[in-house]
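Chain and residue survey
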Amino acid sequence: MKTRVKAESTNNIYYKLNQLKELTGLSPRMLQYRMSNVKKKYSGRTELLYWEGKGWQIHYSLINEFMPVNKLKSNPISHDNWKCFATWNPHNNYEVEYHYQLIKEIKEQLPEHKIKYAIELDNRGNNHTHFIIDASTSKTKKTVESVINKYFSWYEIIYQVTDINNKFSSMRYIDKAPIKSGIL
């Protein structure tokens, strides 16, 4: 039998069926119905779907199989089309409100896009920021650079803007330990 990466690993490659309720917004009954179809479709593909203990382990690439076909009345944040992940960490410590002001300035330059942000403490005890946005990476990078360069020299801050490869892991990462978080 092959060795598999467990759902508790740092990459969160696999999800359990009961974890998909929060991600998809579907009822447990609807998830069970979808699971029966997924089991048939992916039978024999143990790298994507396998039984362990008392439940199924579902690879993150199969989550789209469980997404609602029709738009739900309640709109969970997981249904947003997050495209880009950005983060910055200044070398010196700045107040939470200062980081929030930078996020607001980015939002002002991209008013038609949605931002989910989190301001956290790093291991030095300094505040830093992560956010996901539904704008393209090139557009976001240009905006982040213009805001960051207005207040910091190149050697005073580290920042990164990248594409999102795994939307659900990115959303989970944003929610891991925020001091302040929200959606703009």
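The sections below set out a description of the structure shown in this document. This is a predicted model, so every value here is computed, not measured.

**Quick look at the overall build of the protein chain**
- A tally of regular secondary structure across the protein chain gives five helices and eight strands.
- Tracing the protein chain from N to C terminus, the helices and strands come up as β-α-α-β-β-β-α-β-β-α-β-α-β.
- Residue burial in the protein chain is summarised as follows: out of 184 residues, 43% are buried.
- Partitioning the intrachain contacts of the protein chain with sequence separation of at least 6 by distance along the chain shows that 71% fall at a separation of at least 24.
- In the structure as shown, the protein chain presents an accessible area of about 10,800 Å², 50% of it carried by carbon and sulfur atoms.

**A few points about helix H3 (residues 96-109)**
- Under the 1.5 Å per step criterion, the end-to-end length of H3 is 21 Å for 14 residues, consistent within 8% with the ideal 20 Å.
- Those residues of H3 lying buried are Val96, His99, Tyr100, Leu102, Ile103, Glu105, Ile106 and Lys107.
- Packed against the buried residues of H3 are strand S4 (84-90), strand S5 (115-121), strand S6 (127-133), helix H4 (137-151) and strand S8 (180-183).

**Side note on the packing of H3 against H4**
- Between H3 and H4, whose axes approach to 9 Å, the crossing angle comes to 135°. By the criterion of interaxial angle, the relationship of H3 to H4 is oblique. Note that H3 runs across H4; the crossing there is right-handed. Every residue of H4 that contacts H3 at Tyr98, Leu102, Glu105, Ile106 and Gln109 is listed here: Thr143, Val144, Ser146, Val147, Lys150 and Tyr151.

**So, the pairing of S6**
- Of all the seven residues making up S6, seven are buried; the element is thus mostly covered by neighbouring parts of the structure.
- Neither face of S6 is exposed, since Asn127, Thr129, Phe131 and Ile133 on one face and His128, His130 and Ile132 on the opposite face are all buried.
- Pairing between S4 and S6: five bridges, direction antiparallel. Among the inter-strand pairings, phenylalanine 85 is bridged to a residue of S6, identified as isoleucine 132.

**Topic: the side chain of threonine 87**
- Relative to the assigned elements, threonine 87 resides in strand S4.
- Within the structure, the side chain of threonine 87 is placed 2.9 Å from the backbone oxygen of threonine 129, a separation counted as a polar contact.
- With residues up to four places along the chain from it excluded, the contact list for threonine 87 reads Thr129, His130, Ile158, Tyr159 and Gln160.

**Examining helix H2 (residues 28-41)**
- In a regular helix each residue adds 1.5 Å, so 14 residues correspond to 20 Å; H2 covers 20 Å between its end C-alpha atoms and thus fits that length.
- When we look at burial in H2, the residues that qualify are Leu31, Arg34, Met35 and Val38. The arc enclosing the buried residues of H2, seen along the axis, measures out at 115°, which places them on a common side. Residues of H2 that are exposed and point over 90 degrees away from its buried face: Arg29, Gln32, Tyr33 and Lys40.
- Turning to H2, the residues buried within the fold contact helix H1 (20-24), strand S2 (49-52) and strand S3 (55-59).

Reading guide: rules and limits
- Residues numbered from 1 in each chain as written.
- Predicted model: local features only at pLDDT ≥ 70, side-chain atom pairs only at ≥ 80, totals over all residues.
- Heavy atoms only, no water.
- Helix = DSSP H or I, 4+ residues; strand = E, 2+ residues; numbered from the N terminus.
- Buried < 20%, exposed > 50% of the residue type's maximum accessible area, 1.4 Å probe, protein only.
- Contact = heavy atoms within 4.5 Å.
- Areas by Shrake-Rupley, 256 points an atom, 1.4 Å probe, with all protein chains shown as cover.
- Expected span 1.5 Å × (residues − 1).
- Axes fitted to C-alpha atoms, helices over the stretch in contact; angles between N-to-C directions.
- Parallel < 35°, antiparallel > 145°, perpendicular 65-115°, else oblique.
- Left-handed = near helix turned anticlockwise from the far one by under 90°.
- Pairing = 2+ DSSP bridges.
- Polar contact = N/O pair within 3.5 Å; in protein donor to acceptor, adjacent residues only side chain to side chain.
- Arc of directions from axis to C-beta.

All we've got here are geometric facts, nothing functional implied.
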